[in-house]
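The primary structure of each chain is shown beneath.
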Amino acid sequence: MKTIGIIAEYNPLHNGHIYHMEESRRLTGADLCVVAMSGNFVQRGELACADKYTRAEWALQAGATLVLEIPAVHALAPAEQFAAGAVRALANTGLVTHLPFGCECDNLQLLQYLADISDNESPQYKELLAKHLAQGKAYPRARTDAFAEMGLDRYYLSELEKPNNILAIEYLRALKKYAPQIRPVPVLRRGSAHHDAALRGAISSGSAIREALRCGDEAALDSVPLFVGGALRFNNAMVTAERTVEAMILYKLRTMEKEELAALPGAGEGIENVIFRAARDCANLAAFYETVKSKRYTMARIKRMACCALLGISADLTRDMALASNDYVKVLGIQSRARNLLSGMATACPVPVIARNSDLRKIDKHPASVHSFAADTLTTDLLGYAQGVKLHRDTEGIVIV
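Criteria and thresholds
- Residues numbered from 1 in each chain as written.
- Predicted model: local features only at pLDDT ≥ 70, side-chain atom pairs only at ≥ 80, totals over all residues.
- Heavy atoms only, no water.
- Core = buried A, V, L, I, M, F, W, Y, C linked by side-chain atoms within 4.5 Å.
- Buried < 20%, exposed > 50% of the residue type's maximum accessible area, 1.4 Å probe, protein only.
- Contact = heavy atoms within 4.5 Å.
- Helix = DSSP H or I, 4+ residues; strand = E, 2+ residues; numbered from the N terminus.
- Expected span 1.5 Å × (residues − 1).
- Salt bridge = Lys/Arg side-chain N within 4 Å of Asp/Glu carboxyl O.
- Arc of directions from axis to C-beta.
- Phe/Tyr/Trp six-rings, centres within 6.5 Å; stacked < 30°, edge-to-face > 60°.
- Lys NZ or Arg CZ within 6 Å of the ring centre and 35° of its normal.

1. As for the nonpolar core
Counting 55 residues, the largest nonpolar core has Ile 7, Leu 66, Val 87, Leu 99, Phe 101, Tyr 171 and Val 331 as its most contacted members. Look past the residues within four positions of Tyr 171 in its chain and what remains in contact with it is Ile 7, Phe 82, Ala 83, Val 87, Leu 99 and Phe 101. One finds Phe 41, Val 245, Ile 249 and Met 321 within the second-largest nonpolar core, a separate group that totals 45 residues.

This is the structure:
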């Protein structure tokens, strides 16, 4: 039986995602679809537009069979660890046979070549990468410039810089390392570009949809399925929740000592001193981000560090959770007709499967897993407080559609 695995954030789930899921099924002839999805915080270092259980229900309504949570420690990480955590979650189910991913280039041979040269870190590449990083460049820019100096073709360089291709390359690297049995399937992106800020009708970017929703522009609802639009139309707490969580983050940063800031994932080179001053000098989080960001420390990197500070995620925890031995599979939702998959997974999965509160005892002997799961549940508590509502909690079972 063929089963596709999709790595997503569904922030929100929109018509482009529906196209991706349908095209993935068409290309593979798959019977089942397993989605690995970010939780209440997403990889760009921001609060998701809706809680993880609501977004899991959207995925199930869109045709997913099973929805898993990418732990926050992976979701709030650079592309390499984000991809590794998501791929391992899908592989651990023992169900996934194909991994379709959206990209700006659907030439698998080209993408695999870029993944391979990224893996094959020659002494020359390491030396050039170190040189460009020393110039204060962010890692993606430094990597591209290092490859350019090595003579990589300009066409390859341009593909290496496109946002969906960047993730596609990391998925291929993760598959090679953790799940070589899963077949990659590139799906050409359709419609708006990843960072397109303007609505483009039926298929618009997630960025454009979120910004329109913040402004109260209901034209954004034309870009999402009806079952998503209904939830978004009546959920006017998005902006309030974002502001409340931003205030929480700034408060948390102001209470942390420099040593604690230096222990955050991605910290180094004295950035803790900059964060320490800016957290006390800036009146709001937006000003803080503008003050701290630099060529080396991009906005997304700083935002992820700030979210990690709020959730108690340290560099040590990130490092521990990068080890496959600390993995667990957290189930968010499943189709009613596919409930039998859970019992099969529980038997065959090489890591603990957490679908109900009693399953938590399976990770008791793994401190990193316990800490990671605590961060996941904290996101629900914080979001519920920020929205002023009672959300479906992690201890209340999974969503069944």
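Continuing now.
2. Remarks on helix α12 (residues 238–255)
An ideal rise of 1.5 Å per residue puts 26 Å on 18 residues; α12 measures up with 26 Å between its terminal C-alpha atoms. Within the span of α12, buried status applies to Met 238, Ala 241, Glu 242, Val 245, Met 248, Ile 249, Leu 250 and Leu 253.

3. Let's talk about the pattern of salt bridges
One pass over the structure, following the stated rule, counts 24 salt bridges. In this structure, Lys 162 engages Glu 159 in a salt bridge whose closest nitrogen and oxygen atoms are separated by 3.0 Å. The class for Glu 159 is buried, based on a relative accessible area of 5%. Among the salt bridges present, the one from Arg 356 reaches Asp 359, with a minimum N-O distance of 3.8 Å. Here the residues in one salt-bridge network are Asp 119, Arg 143, Glu 170 and Arg 173, joined through shared partners.

4. A closer look at the environment of Asp 106
Following the sequence through the fold, Asp 106 ends up in the loop between β6 (98–103) and α5 (108–119). In this structure, the C-alpha to C-alpha distance between Asp 106 and Ile 117, residues eleven residues apart in sequence, is 18 Å. Each residue touching Asp 106, except ones within four places of it in the same chain, is listed here: Pro 186 and Leu 188.

5. Examining helix α14 (residues 271–281)
Among all positions of α14, only Ile 271, Glu 272, Ile 275, Ala 278 and Ala 279 are buried. For α14, the angular spread of buried residues about the axis comes to 135°, placing them on one side. As for α14, its buried residues are in contact with α12, α13 (258–262), α15 (285–292) and α16 (299–311).

6. Things to note about the packing of aromatic side chains
In the structure shown here, the tally under the stated rule is six aromatic pairs. Between Tyr 113 and Tyr 156 the ring centres are 5.1 Å apart and the planes differ by 50°, which places this aromatic pair in the tilted class. Separated by 43 residues along the polypeptide, Tyr 113 in helix α5 and Tyr 156 in helix α8 (residues 154–160) bring together distant segments of the chain. You can call Tyr 113 partly exposed: its relative accessible area is 37%. Counting every residue linked through ring pairs, the aromatic cluster contains Tyr 113, Tyr 155 and Tyr 156. Between the NZ or CZ atom of Arg 88 and the centre of the ring of Tyr 178, over which it lies, the distance is 5.0 Å. The ring of Tyr 19 has Arg 190 lying over it, and the distance from NZ or CZ to the ring centre is 5.0 Å.

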